[in-house]
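Residue-level structure breakdown
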Amino acid sequence: MAFMEKPPAGKVLLDDTVPLTAQIEASQSLHSHTEYIIRVQRGVSAENSWQIVRRYSDFDLLNNSLQISTLSLPLPPKKLIGNMEREFIAERQKGLQAYLDVITTHHILSNCELVKKFLDPNSYSVNYTEIALQHVSMFFRSEPKWEVVEPLKDIGWRIRKKYFLMKTKNQPKERLMLSWADLGPDKYLSDKDLQYAVKLLSSCSHPYIYKITFATANESSALVIRPFSEKGTLKDLIYKAKPKDPFLKKYCNPKKIQGLELQQIKTYGRQILEVLKFLHEKGFPYGHLHSANVMLDGDTCKLLDLENSLLGLPSFYRSYFSQFRKINTLEGVDVHCFGHLLYEMTYGRPPDTIPVDSFPPAPSVFVASVLESILTCEAMKNGMPTVSRLLQMPLFSDVLLTNSEKPQFKIPTKLKEALKISKECIEKRLTEEQKLIHQHRRLTRAQSHHGSEEEKKKRKILARKKSKRSAYESGEEHSAKYSNSNNSAGSGASSPLTSPSSPTPPSTAGIKFTASDLLPIPFNTLS
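The following paragraphs examine the structure supplied in this document. Just so it is clear, the model here is predicted, and its values are computed rather than measured. Every chain begins its residue count from 1, and numbering advances along the sequence as written. This being a predicted model, a pLDDT of at least 70 is required before a residue's local features are given, and a value of 80 or more before pairs of side-chain atoms are given or counted; all residues contribute to the totals for chains, interfaces and linings. Think of the side-chain values as coming from all heavy atoms in the structure, minus any hydrogens and water.

**Side note on the overall build of the protein**
Our working rule: Numbered from the N terminus, helices here are DSSP runs of H or I no shorter than four residues, and strands are runs of E no shorter than two. Here a residue-residue contact requires only that any non-hydrogen atoms of the pair lie within 4.5 Å. Using the Shrake-Rupley algorithm and a 1.4 Å probe, accessible areas are obtained, with residue cover drawn only from the displayed protein chains.
What the protein contains, in helices and strands, is 18 helices and 10 strands. Considering only contacts in the protein between residues 6 or more positions apart, those separated by 24 or more positions represent 66%. Carbon and sulfur atoms make up 54% of the accessible area of the protein, which amounts to about 28,400 Å² in all.

**Regarding the pattern of salt bridges**
What counts here: Salt bridges are defined as contacts in which a side-chain nitrogen from Lys or Arg sits within 4 Å of a carboxyl oxygen from Asp or Glu.
Counted by the stated rule, this structure contains 27 salt bridges. The partner of Glu113 in a salt bridge is Lys162, with the nearest N and O atoms 3.7 Å apart. Of this pair, Glu113 sits in helix 4 (residues 113-119) while Lys162 sits in strand 5 (residues 161-168), and the two are 49 residues apart along the sequence. Of the charged contacts, one joins Asp297 and Lys302 as a salt bridge, the two residues approaching to 3.4 Å between their closest N and O atoms. What you see here is one network of salt bridges that share partners, running through Asp15, Asp186, Arg318, Arg429 and Glu433.

**Details of the pairing of strand 10 (residues 300-303)**
Using the following cut-off: In this scheme, a residue with accessible area under 20% of its type's maximum is buried, one over 50% is exposed, and one in between is partly exposed, where area comes from a 1.4 Å probe on protein chains only. Note on pairing: DSSP must find at least two bridges between two strands before they are called paired.
A two-sided burial pattern is seen for strand 10, the buried positions comprising Thr300 and Lys302 on one face and Cys301 and Leu303 on the other. Where strand 9 (residues 294-297) meets strand 10, 4 bridges bridge the pair, whose relative direction is antiparallel. Across the sheet, residue Asp297 finds its bridge partner in strand 10, namely Thr300. Counting the residues in the hairpin turn of strand 9 and strand 10 gives 2 residues, including Gly298, whose phi is positive at 70°.

**Quick word on unusual backbone geometry**
The omega angle of the peptide bond from Ile354 to Pro355 is 0°, so this bond is cis rather than trans. The topology assignment puts Pro355 in the loop between helix 12 (330-347) and helix 13 (365-375). Backbone geometry at Thr70 places phi at a positive 60°, although glycine is not the residue there. Mapping Thr70 onto the fold places it in the loop between helix 1 (56-65) and helix 2 (86-105). On the basis of relative accessible area, Thr70 is assigned to the partly exposed category, the value being 47%.

**So, the nonpolar core**
Spelled out, the test is: Residues belong to one nonpolar core when they are buried, are Ala, Val, Leu, Ile, Met, Phe, Trp, Tyr or Cys, and are joined through side-chain atoms within 4.5 Å.
Membership of the largest hydrophobic core comes to 111 residues, with the highest contact counts inside it found for Leu66, Leu234 and Leu289. Counting residues per element, this core draws most heavily on helix 12, which supplies 10 residues. With residues up to four places along the chain from it excluded, the contact list for Leu289 reads Ile272, Leu276, Val294, Leu303, Tyr317, Asp334, Cys337, Phe338 and Leu341. Val136, Phe140, Leu176 and Ile225 belong to the second-largest nonpolar core, a separate cluster that totals 12 residues.

**Details of the sheet that holds strand 6 (residues 176-182)**
Backbone hydrogen bonds hold the strands of a sheet together, and the pairing may be parallel or antiparallel. We count it as follows: To obtain each axis, a line is fitted to C-alpha atoms, and for helices this fit is confined to the stretch in contact; angles are then taken between N-to-C directions over 0 to 180 degrees.
A sheet is described by the order of its strands in space; here 5 strands give the open sequence 4-5-6-8-7, paired in antiparallel fashion. In this open sheet, the two strands that pair with only one neighbour each are strand 4 (146-152) and strand 7 (214-217). Direction aside, neighbouring strands of the sheet carry axes that sit 25° apart on average. With 4 bridges joining them, strand 7 and strand 8 (residues 221-227) adopt antiparallel strand pairing. Looking across to strand 8, one finds that Ala215 is bridged to Val224.

**Some remarks on the packing of aromatic side chains**
Note the following rule: Stacked, edge-to-face and tilted labels apply to pairs of Phe, Tyr and Trp rings (six-membered ring for Trp) whose centres lie within 6.5 Å, assigned for plane angles under 30 degrees, over 60, and everything in between, in that order. We call a charge positioned above a ring when the Lys NZ or Arg CZ atom is no farther than 6 Å from the ring centre and deviates by at most 35 degrees from the ring normal.
Under the defined criterion, the tally for this structure stands at 15 aromatic pairs. When the ring of Phe59 is compared with that of Tyr99, the centres are 6.2 Å apart and the planes differ by 70°; the resulting orientation is edge-to-face. Taken together, the residues Phe59 in helix 1 and Tyr99 in helix 2 connect sequence positions 40 residues apart. Directly above the ring of Phe118 sits Arg54, whose terminal nitrogen or CZ lies 5.1 Å from the centroid.

**Here we look at the packing of helix 12 against helix 13**
Just so we agree on the cut-off: Crossing handedness is read from the near helix: turned anticlockwise from the far helix by less than a right angle, it gives a left-handed crossing, and turned clockwise, a right-handed one. Under the convention adopted here, Pro, Cys and the residues Ala, Val, Leu, Ile, Met, Phe, Trp and Tyr are nonpolar, Asp, Glu, Lys and Arg are charged, and Gly plus all remaining residues are polar.
Here helix 12 crosses helix 13 at 145°, and the two axes come no closer than 9 Å. The interaxial crossing formed by helix 12 with helix 13 has left-handed handedness. Between helix 12 and helix 13, the contacting residues are Val335, His336, Phe338, Gly339, His340, Leu342, Tyr343, Thr346 and Tyr347 on the first element and Val367, Val370, Leu371, Ile374 and Leu375 on the second. Taken together, the residues of the contact of helix 12 with helix 13 sort by class into 10 nonpolar, 4 polar and no charged.

**Some details on the state of the cysteines**
Such a bond, covalent and formed between the sulfur atoms of two cysteines, is termed a disulfide. Operational definition: Note on terminology: pairs of cysteine sulfur atoms within 2.5 Å are recorded as disulfides.
Tallied over the entire structure, the rule returns 0 disulfides. Of all cysteine sulfurs in the structure, the one in Cys112 sits closest to Cys252, which takes part in no disulfide; the separation is 7.7 Å. Judged by relative accessible area, Cys252 falls into the buried class, the value being 10%.

**Considerations on the sheet that holds strand 1 (residues 20-29)**
Read from one edge to the other, the open sheet built from 3 strands follows the order 1-2-3, with strand pairing classed as antiparallel. Sheet topology places strand 1 and strand 3 (49-55) at the edges, where each strand pairs with a single neighbour. Within the sheet, the average angular offset between the axes of one strand and its neighbour, ignoring direction, is 25°. As defined by bridge partners, strand 2 (residues 34-42) adjoins strand 3 across 7 bridges and the pair is classed as antiparallel. Its bridge partner lying in strand 3, Tyr36 is registered against Arg54. Strand contacts of helix 1: strand 2 and strand 3, with the helix running at about 90° to strand 3, the strand carrying the most contacts. In the packing of helix 2 onto the sheet, the strands contacted are strand 1 and strand 2, and the crossing angle to strand 1 comes to about 165°.

**Some words on helix 13**
Owing to its 3.6 residues per turn, the α-helix brings residues three or four apart onto one side. What counts here: Pairs of N or O atoms are called polar contacts if they sit within 3.5 Å, as long as, within protein, a hydrogen donor faces a hydrogen acceptor (for residues adjacent in sequence, only side-chain-to-side-chain pairs).
For helix 13, the set of buried residues is Val367, Ala368, Val370, Leu371, Ser373, Ile374 and Leu375. For helix 13, the N-terminal capping position is held by Ser364, with its side-chain oxygen 3.0 Å away from the main-chain nitrogen of Phe366.

Right, here's the structure in full:
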């Protein structure tokens with residue numbers, strides 16, 4: 001069966017970039033061990049949550065697998081004697097919660113397959129390497145000129161995208177890289193348009209786009225072959241990493257943190273902005289810029305993975321820009337991602353938080369100016385510059401581009417219209433997600449304010465005032481009733497003016513008189 005003849009399976013609806021949070025709700029001690037009951041939630045909706053049960057040994061196994069990252073993770077130490085005591089279990093639970101908080105907030109760890117399988121085994125039970133091999137094998141039946149040299153295990157961050165080192169039979173020394181990927185939640189092209197658009201990628205020619213040798217797609221996945229570069233990507237240059245190493249090993253904990261030279265920052269930045277401008281003018285959606293998607297060819301940067309937006313794959317930085325409602329177009333997403341990339345080129349590492357409150361010293365005030373225009377809180381709220389505006393800024397405007405290759409990428413009018421509709425659908429899903437996050441943030445803020453100590457004191461003071469007011473009004477009402485009852489009882493007795501022996505009239509304290517009650521009594525009414 002040829003690759004294109006595989007039965008349709010549809011796109012993957014699950015967005016792997018939506019963050020998972022984990023909270024240990026309770027622990028239960030059995031005969032020889034303790035189990036921890038963990039509530040895991042995807043995104044901001046409490047309805048999208050589930051329970052898992054894990055032992056300390058499960059945490060230990062996960063931690064051993066994550067050692068490839070060389071990060072120092074805060075897993076509580078083992079204890080052989082006294083590990084069933086109540087105080088120890090409570091203390092260990094706190095330590096395990098701290099461990100979960102670290103691995104779910106670390107951008108690379110939280111997106112890796114090991115952590116996803118630990119927290120969501122039902123959604124990540126499939127062996128994607130085996131599925132990829134099946135697809136690649138079917139492809140080779142129809143294209144026998146290709147051969148697999150070796151799998152490139154875990155060199156990328158995506159769970160549903162796998163890589164293989166390739167060669168052709170007529171040029172056995174030349175190395176190529178094959179990537180296979182599932183269709184993602186943002187796949188909105190029809191199957192026919194998708195297959196046509198993916199095939200069209202190999203005809204794209206641009207000095208700053210990495211050449212695609214072969215590309216094909218079916219109803220559930222796509223396969224792309226491109227030359228393999230021993231130099232690796234821009235991220236490999238920044239982190240001084242070996243291209244074939246696993247993603248966790250290469251980028252989680254670099255041995256030496258050092259940014260690039262100013263001229264490299266200027267040149268690479270200008271080249272990347274030029275290709276983004278080209279794609280925007282062509283109406284081709286991208287949205288997948290990061291330093292591992294930029295290949296180095298000598299002193300030239302070349303963009304990778306143009307197919308990602310066609311396949312509907314979510315962006316590496318989605319969990320960041322989905323927090324800000326102003327970043328609601330793919331052009332805006334590209335600018336935001338460029339800010340991340342520029343920061344990484346400048347400082348040799350990603351920013352600690354987004355937005356960035358303060359920047360370390362930069363090699364030029366012009367670098368700082370660009371970073372501030374993209375990554376600060378003010379930029380997120382008021383809007384970022386366009387790609388065209390960035391090209392005019394002093395950091396990039398004086399860079400001379402020597403490459404004379406003429407860009408070529410002909411997109412038929414009908415496909416261009418389909419790409420436009422697909423882009424609008426991608427942006428609509430992003431906007432809806434941002435709206436939900438915004439609503440959740442407002443609700444959380446309100447609940448936090450309501451539960452603060454200052455707010456509790458205010459509510460207590462108001463409650464006391466209300467209680468005193470109620471007591472005062474109740475006292476007045478009681479006095480009025482008492483007075484009325486005495487007046488009714490004494491209405492049949494003789495007047496105190498005609499009978500010296502009459503009892504002393506009741507006190508008028510608390511009794512309200514009208515103006516007519518205070519008028520002088522006419523003498524003719526007296527007996």
